[in-house]
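# Structural characterization, general
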Amino acid sequence: MSMTRSGNAVITPGNRVADYTARFGRFLGDDVAPLEEELARQDVGSAWQPRLDEAGRMHPLVWEARREVQRRAGKAGLYAPHTSAEVGGGGFSRVEMHHVEEFVYRRAGLGLGLAGLAWTEGPNPAVEHCSPQARERYLAPLIAGEITAAFANTEPDVGSDVLAMSTHARPDGSDWILNGHKAWITNSHFADVLQVVAVTEPGAGTRSLSMFLVDADAPGVRRGADIPTMLGDGLTGELEFTDVRIPAENVVGEIGDGFGLAMMWINWRRLCRGGMCAGWGSWLLERSLRYARDRRSGGRPIGELQAVQHLLANMDADVYQARSTSLVAQAELDAMGPFAMPLHRDAPRLISLVKVINDEAFFRVADNAVQVRGATGLLQGSPEEKLFRVARNLRIPAGTVEIQRNAIARGLLRAHAEEPR
Ligand SMILES: Cc1cc2nc3c(=O)[nH]c(=O)nc-3n(C[C@H](O)[C@H](O)[C@H](O)COP(=O)(O)OP(=O)(O)OC[C@H]3O[C@@H](n4cnc5c(N)ncnc54)[C@H](O)[C@@H]3O)c2cc1C
């Protein structure tokens with residue numbers, strides 16, 4: 001097998017990934033398919049088009065089906081391959097995770113099986129910095145898929161400008177007292193533990209924030225309204241904190257580490273775009289190829305028309321671009337430590353390249369997938385229509401594409417300024 005190298009990093013999958021994907025493939029058939037059939041019988045929508053409850057949240061039976069997949073994946077050791085081996089996870093590198101994520105998104109498509117691999121509700125690199133007590137109470141159950149988390153950083157008035165947030169925590173003995181209002185939080189309705197970023201030292205710049213683990217049912221926590229986005233999944237909402245008491249053992253890392261930890265979480269999400277966009281992109285391309293062979297115009301399949309062939313070729317080019325960028329950049333990042341604190345100074349540019357190239361390539365893929373199908377591509381409830389909305393969404397959360405370009409330009413200009421003229 002030929003191997004591609006970037007620096008010293010190998011970007012081919014390897015045995016560990018082959019073993020994982022074989023097991024995940026069996027898991028989809030043996031565990032997920034019966035749960036998906038059971039869900040279909042309950043008339044509450046599907047994992048990707050859930051009916052919403054009266055408050056606009058994902059229907060509880062759809063959420064419970066996802067939870068069951070998470071728990072079973074946790075038991076099977078499939079849920080958290082990205083988490084460090086030292087804390088009980090799979091210890092996979094980012095390159096290995098690209099291959100895992102691409103496989104899962106391509107094979108599961110929009111199905112319930114996607115829940116088998118931890119997403120924003122699962123364990124993440126930042127929470128690994130928690131205290132020994134919190135490790136037992138939160139991290140181990142997160143890795144096992146027994147509980148879920150939400151990352152609460154954004155506020156109604158503050159998104160990109162993270163350091164301008166107003167949610168704050170003040171010391172009270174060894175405890176902390178939290179007050180504030182968060183918005184646009186994925187899994188705010190259902191999370192068991194909230195990973196909240198708050199100001200602890202106003203005016204201290206990148207040391208002004210800290211990260212806390214907050215029990216979602218602690219006194220003073222209120223789950224606010226659902227925020228109905230174009231995703232239509234009933235998973236995004238608000239959180240309010242009024243004099244919430246947090247024990248010292250629930251501080252993640254040290255006081256003042258919050259900005260670095262928040263960026264660690266966000267960078268993890270940015271890097272996950274690689275496998276997600278290449279995987280879903282490949283899935284859409286396969287569906288488009290099938291459609292182009294079946295659908296006829298002027299007495300022949302539309303796949304014989306050059307205009308349609310170019311749509312397909314552009315999709316292939318975009319998927320290839322998304323995958324290659326992700327693999328090369330993540331191989332370089334594996335060598336640097338993708339979640340090190342402090343982060344290698346060349347890392348932010350690479351992370352932002354992964355996100356912006358994948359977000360934009362996948363948006364074009366999703367757009368072309370709609371176009372290949374004509375009117376049926378616009379049909380509400382079709383996979384193409386849903387993924388077009390998902391693709392449009394991806395360019396905003398975890399840092400907008402404009403914010404990624406800022407980071408890329410900052411990295412370029414810094415490196416250039418350091419070179420002799
Ligand atoms: C579906 C969904 C799920 C989300 N999940 C979470 C979550 O789980 N946890 C969480 O904490 N947050 C979450 N968010 C929030 C998300 O991270 C923010 O929406 C995002 O960071 C952008 O912030 P904003 O919406 O406030 O836009 P703003 O920051 O107000 O930006 C508005 C516009 O101005 C541009 N802009 C702003 N500042 C700059 C700048 N310095 N340079 C160039 N352009 C700039 C932006 O690119 C954008 O085009 C989620 C959002 C969505 C839509």
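An unreviewed UniProt entry annotates the protein as Acyl-CoA dehydrogenase family protein of Pseudonocardia yunnanensis. Per UniProt, the comment on the protein under Cofactor (unreviewed entry) is "FAD". A UniProt comment under Sequence similarities (unreviewed entry) is attached to the protein, and it reads "Belongs to the acyl-CoA dehydrogenase family."

Relative to strand β5 (residues 175–186), strand β4 (residues 168–172) is paired through five bridges, and the arrangement is antiparallel. When the sheet's bridge partners are listed, Pro171 is paired in β5 with Trp176.

Before going further, it helps to spend a moment on unusual backbone geometry. Here the bond from Met341 into Pro342 is cis, since omega is 0 degrees, no more than 30 degrees from zero. Its place among the elements puts Pro342 in the loop between α6 (306–336) and α7 (347–372). Phi at Trp184 takes a positive value of approximately 65 degrees, unusual for a residue other than glycine. Residue position: Trp184 is located in strand β5. One non-glycine residue with positive phi stands out, namely Asp243, at about 50 degrees. With respect to the helices and strands, the residue Asp243 is situated in strand β9 (residues 236–246).

Right, let's get into the UniProt feature "domain: Acyl-CoA dehydrogenase/oxidase C-terminal" (unreviewed entry) in the protein. With numbering matched to this structure, UniProt assigns "domain: Acyl-CoA dehydrogenase/oxidase C-terminal" (unreviewed entry) to residues 256–413. Secondary structure within residues 256–413 divides into 75% helix and 3% strand; the distance between the first and last C-alpha atoms comes to 28 Å.

If you check the domain split of the protein, you get domain 1 (5–123), domain 2 (149–252) and domain 3 (259–418). The distance between the C-alpha centroids of domain 1 and domain 2 comes to 26 Å. The interface is formed by twelve residues belonging to domain 1 together with ten residues belonging to domain 2. Summed over both sides, the interface of domain 1 with domain 2 buries roughly 930 Å², with 63% coming from carbon and sulfur. The largest per-residue losses of area from domain 1 upon contact with domain 2 belong to Arg57, Met58 and Trp63, which jointly make up 42% of the total buried on that side. Summed over the shared surface of domain 1 and domain 2, the number is two residue pairs in polar contact (both at pLDDT 80 or more). Taken together, the residues of the side of domain 1 that touches domain 2 sort by class into six nonpolar, three polar and three charged.

One broad trend across soluble globular proteins is that nonpolar side chains are buried collectively. Grouped together as the largest cluster of nonpolar side chains are 58 residues, with contacts concentrated most on Tyr20, Val100, Val104, Trp280, Leu284, Phe362 and Leu387. For this core, the secondary-structure elements that each account for two or more residues are α1 (15–41), α2 (60–75), α3 (94–108), α5 (258–294), α6, α7 and α8 (383–394). Setting aside residues no more than four positions away along its own chain, Tyr20 makes contact with Leu78, Pro81, Phe92, Val100, Val104 and Leu117. In this structure, Ala126, Cys130, Ala262 and Trp265 belong to the second largest nonpolar core, which totals 38 residues.

Glancing now at the site of the ligand. Inspection of the region around the ligand gives 17 residues, with Phe151, Thr154, Ser160, Trp184 and Thr400 positioned closest. One nitrogen or oxygen atom from the main chain of Asn153 is found 2.9 Å from an oxygen atom belonging to the ligand. Here a nitrogen atom of the ligand and a side-chain polar atom of Thr154 are 2.6 Å apart. Protein burial of the ligand: of its 970 Å² of free accessible surface, 65% is covered by the chains. For the shell around the ligand, the secondary-structure elements that each account for two or more residues are β5 and α9 (401–418).

What counts, and where the lines are drawn
- Positions within a chain are numbered from 1, following the residues in the order the chain's sequence is written.
- Predicted model: local features are reported for residues with pLDDT of at least 70 only, side-chain atom pairs are reported and counted for 80 or more only, and whole-chain, interface and lining totals are derived from all residues.
- Just so you know, side-chain values use all the structure's heavy atoms and leave hydrogens and water out.
- UniProt positions are given in the numbering used here, feature names are shortened, and annotations may be inferred rather than shown by experiment.
- Whether two strands pair comes down to DSSP finding at least two bridges between them.
- What counts as a helix is a DSSP run of H or I of at least four residues, what counts as a strand is a run of E of at least two, and both are numbered from the N terminus.
- A domain assignment, automatic or from a database, supplies the domain bounds used here.
- Contact criterion: two residues are considered in contact whenever any of their non-hydrogen atoms come within 4.5 Å of each other.
- Defined in terms of a 1.4 Å probe, buried area is the accessible area two parts forfeit on being brought together, summed over both.
- Whenever a nitrogen or oxygen atom comes within 3.5 Å of another N or O atom, the pair is scored as a polar contact, on the condition that within protein one atom can donate a hydrogen and the other can accept it, and that pairs from neighbouring residues in sequence are kept only if both atoms are in side chains.
- Residues are sorted three ways: Asp, Glu, Lys and Arg are charged, Ala, Val, Leu, Ile, Met, Phe, Trp, Tyr, Cys and Pro are nonpolar, and all the rest, Gly among them, are polar.
- Joining through side-chain atoms within 4.5 Å is the link that ties buried Ala, Val, Leu, Ile, Met, Phe, Trp, Tyr and Cys residues into a set, and such a set is a nonpolar core.
- Burial status follows relative accessibility: with a 1.4 Å probe on protein chains alone, a residue under 20% of its type maximum counts as buried, one over 50% as exposed, and anything between as partly exposed.
- For this description, a residue counts as near a given molecule or strand if any of its non-hydrogen atoms is within 4 Å of it.
- Per-residue accessibility takes into account occlusion by the displayed protein chains alone, with areas from the Shrake-Rupley method and a 1.4 Å probe.

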